[in-house]
Amino acid sequence: MTDTAHNGTPKEAEKERPLSAAHVIRAATDQLSELLRLPIESVSSCRRAEDGAWQLSVEVLELSRIPDTTSLLASYDVELDAEGALLGYRRTRRYERGRADRR
């Protein structure tokens, strides 16, 4: 049984627990997809900064083509605050799905 305050809500200590990476990824992809009106393909990186903010790299389908290997994707750097609210984003790269980096 969860220890709750008199009004039935979790204790303050539980409320202050940092968000999980899974929760932040869902929040980031939902918010970015809504703003761009484009489907999210994947999240290629996610890390929490010392101040509690989150930084992610998100892959977005910008233009669907046939065959699918020629579809145009883009990488976005996304920043969320410690509560999972989107602070900003910027596109860093555009590429065809079938082309690998030369690194």
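Now for a description of the structure that goes with this document. Note that the structure is a prediction, hence the values are computed from the model and not measured.

**A word on the overall build of the protein chain**
Thought 1: Counting its secondary structure elements, the protein chain contains 2 helices and 4 strands.
Thought 2: In the protein chain, the order of α-helices and β-strands from amino to carboxyl end is α-α-β-β-β-β.
Thought 3: Per-residue burial for the protein chain yields a buried fraction of 28% across its 103 residues.
Thought 4: Look at the contacts in the protein chain between residues 6 or more apart in sequence, and 38% of them connect residues 24 or more apart.
Thought 5: Accessible surface, the protein chain: about 7,300 Å² in total, of which carbon and sulfur atoms supply 48%.

**Observations regarding the pairing of strand E4 (residues 86–96)**
Thought 1: By the bridge criterion, 9 bridges tie strand E3 (residues 72–80) to E4 in an arrangement that is antiparallel. In the strand pairing of E4, Glu 79 is matched with Gly 88.
Thought 2: A loop of 5 residues connects E3 with E4, the two strands running antiparallel in sequence, and Gly 84 in this loop sits at a positive phi of about 95°.

The rules we used
- Residues numbered from 1 in each chain as written.
- Predicted model: local features only at pLDDT ≥ 70, side-chain atom pairs only at ≥ 80, totals over all residues.
- Heavy atoms only, no water.
- Helix = DSSP H or I, 4+ residues; strand = E, 2+ residues; numbered from the N terminus.
- Buried < 20%, exposed > 50% of the residue type's maximum accessible area, 1.4 Å probe, protein only.
- Contact = heavy atoms within 4.5 Å.
- Areas by Shrake-Rupley, 256 points an atom, 1.4 Å probe, with all protein chains shown as cover.
- Pairing = 2+ DSSP bridges.

That's the geometry; what it means functionally is another story.
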